[in-house]
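These are the residues of each chain, in order.
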Amino acid sequence: MVTKAPEESRDGAMAPTFMMRWPTGAKLLVIISIALLPLAIIAVFATLRITQIADAEARASLRVASAESSRAIAIELIGDMTALRVAVDALEADPLDTPSCARVQGVFAQQAFNGARFAVFDARGRLLCGSGFPQALEVARAARDSAVAARIVAGSGLLLGVVGRTGRVAASAFFPKDFIADLSRPSGFTPAYAAKLTRQGEELILEPLPRENAFERRESNVTDLGIGELGLAMQVRSAPITSPLVIALLLPLVMWAAAAGIAWFVVDRLLIRPLRQLRAHVAAFTPGEEPDPAAIRALPAQELRELGDTFRALTRTVAIHEAGLAEGLVRQTKLTREVHHRVKNNLQVISSLINFHARGARSPEAAQAYASIQRRVDALAVVHRNHYAEMEENRGLGLRPMLGELASNIRATAAEGIQLRIQLDTDPYLVSQDVAVAVAFLVTELIELAVTCDPAAHLRVSVKEGAEADRATLRVSSPALIDSPALREGLATRFGRVTEGLSRQLRAPLHHDPLTGAYEISIAVLGRD
């Protein structure tokens, strides 16, 4: 089994994450566009291919027509000039050879009806046969050897010239433009075309073909006539770039964009937007309320309406369950209050019984023991009462009122002859019930220890900010708690083990300064009142 590298796994996981951040409408539009784009491209290429086929057909027809026209012109010109050369050779041998001149006239008789003429000159330029015309002698003398000299007279016609073997006799012929145009007209060629004779930059337009627009396209073909360096150039119009062609090219792209847009619009209206509305209803849901049935019935998709009805049914179920929970909470609150009330009464009964037995004690030591027990029960009762008062808000138990009530109870239950003074300096901290019970017992034990060492003890109890934000420092100081034999005896017999156990319950060490008579411990707090 091949295991992928961690880098490959991360790369594969990143690929879908990019599109997952897109809105659903954007992803839908991209997917539909990609799916339909090949169809649009195929349609565009098909239209272009049809245009190319039409151009190829026009090009092939033009080649056929050009070959036919050039062949007809070449046959006529070459035949006429061949007859003229034969006459020149005969007149060069015998200037009085009138039959040769008659034969040339017979050849040009039909062309003469269309305006064609010829002329034969001797070495001195005298006309031997035919009829003179402008530039006839110049063209005749321009011929060399056996080549045919040609000259195009713009807008008029074509001049051709030949010379004899010895150069003493020359001849020229003139072919008018209309005559050559008739020769160049191909048979069975219906499209409009342009035709012209070309020679070394000279042109004789046989058939004009004016441009219909600036975007007109043409197919051209040039054929060499094989005489006098003449060529026949023909042109026909290609399939024009017209509005139907542009529409045919753009229509697939327009349809592609329209299909993608319509699909996105339909899905957005029928699915995505109703889902957003339903999500808004769910986000604004308040326990005890139900979504508006009219808003759910207005959703366009049946599946979304069913989902909305399911949500409404769920809200009703939640409302019923919450009503049951609220009723159970009310019952539980009543039960808790009843329990607290009974605990408070029981603590009061216990305190009363201890007080009753203390009055019947037979020795001062027994009465003092009963008083010590009663103070501890009172400390627990103080914590319970303060906790019960804070129970409704559940913010925590306030140390300042608890320690104040605890100090008042201790002074009130002090034995005769004890001049106890307690000074409080506490910040308004809130603590949990477990911390409050441990603090109350610890303060009570330290006050009892101080009274044991000095009946006229003067104590100072303070709660101040600690080194940490969620901690406070409890400090109990008194001259009676300075190191002395009585203090060491009290710690060894009764108070040492109790204070050590309470410090463990508070999860902090209890520090004693024997020189100043101060006990300090760090306690956990919930905040300030």
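You'll find the structure just up there.
Since we're looking at a predicted model, the values are computed, not measured.

> What should I look at first to understand the overall build of the protein in this one?
A tally of regular secondary structure across the protein gives 13 helices and 17 strands. The proportion of buried residues among the 529 residues of the protein is 36%. When contacts within the protein are restricted to residue pairs at least 6 apart in sequence, long-range pairs at least 24 apart make up 65% of them. For the protein, the accessible area works out to roughly 30,600 Å², and carbon and sulfur atoms hold 59% of it.

> Teacher, can you tell me more about the packing of aromatic side chains here?
Here the distance between the centres and the angle between the planes together describe a pair of aromatic rings. What the rule picks out here adds up to four aromatic pairs. Where Phe133 meets Phe174, the ring centres are 6.2 Å apart and the plane angle is 40°; that geometry is what we call tilted. Residue Phe133 is found in the loop between β2 (127-130) and α5 (136-142), and its partner Phe174 is found in strand β5 (residues 170-176); the two are separated by 41 residues along the sequence. Phe174 carries the same exposure label as Phe133, and that label is buried. Through a chain of ring-to-ring contacts, three or more aromatic side chains come together here, namely Phe108, Phe118, Phe175 and Phe179.

> What's the story with the environment of Gln235 in this structure? I'm lost.
Relative to the assigned elements, Gln235 resides in strand β9 (residues 231-237). On the basis of relative accessibility, which here comes to 27%, the residue Gln235 falls in the partly exposed class. In sequence terms Gln235 and Ala192 are 43 residues apart; their C-alpha atoms lie 8.8 Å from each other. Among all residues touching Gln235, those that are not within four sequence positions of it are Leu62, Ala192, Tyr193, Ala194, Leu209, Arg218, Glu219 and Ser220. A polar atom in the side chain of Gln235 sits 2.9 Å from the side chain of Arg218.

About the criteria used
- Sequence order as written defines the numbering, with residues in each chain counted from 1.
- With the structure being a predicted model, the display of local features is reserved for residues of pLDDT at least 70 and the display and counting of side-chain atom pairs for 80 or more, all residues being used for whole-chain, interface and lining totals.
- Calculation of side-chain values draws on the structure's entire complement of heavy atoms; hydrogens and water are dropped beforehand.
- Here a strand is any run of E in DSSP of at least two residues, a helix any run of H or I of at least four, and the numbering for each starts at the N terminus.
- Residue burial is assigned from relative accessible area. The probe radius is 1.4 Å, only protein chains are included, and a residue is buried under 20% of its type maximum, exposed over 50%, and partly exposed in between.
- Throughout, a contact is declared for two residues whenever any of their heavy atoms are within 4.5 Å.
- Each accessible area is a Shrake-Rupley estimate made with a 1.4 Å probe; only the visible protein chains count as cover when residues are assessed.
- The pairing test for Phe, Tyr and Trp rings, Trp by its six-membered ring, is centres within 6.5 Å, and the orientation test on the planes gives stacked under 30 degrees, edge-to-face over 60, and tilted for anything in between.
- Polar contact is the term for a pair of N or O atoms within 3.5 Å; when the atoms are in protein, one must be able to donate a hydrogen and the other to accept it, and sequence-neighboring residues count only if both atoms are side-chain atoms.

By themselves, these observations are geometric and do not establish any function.
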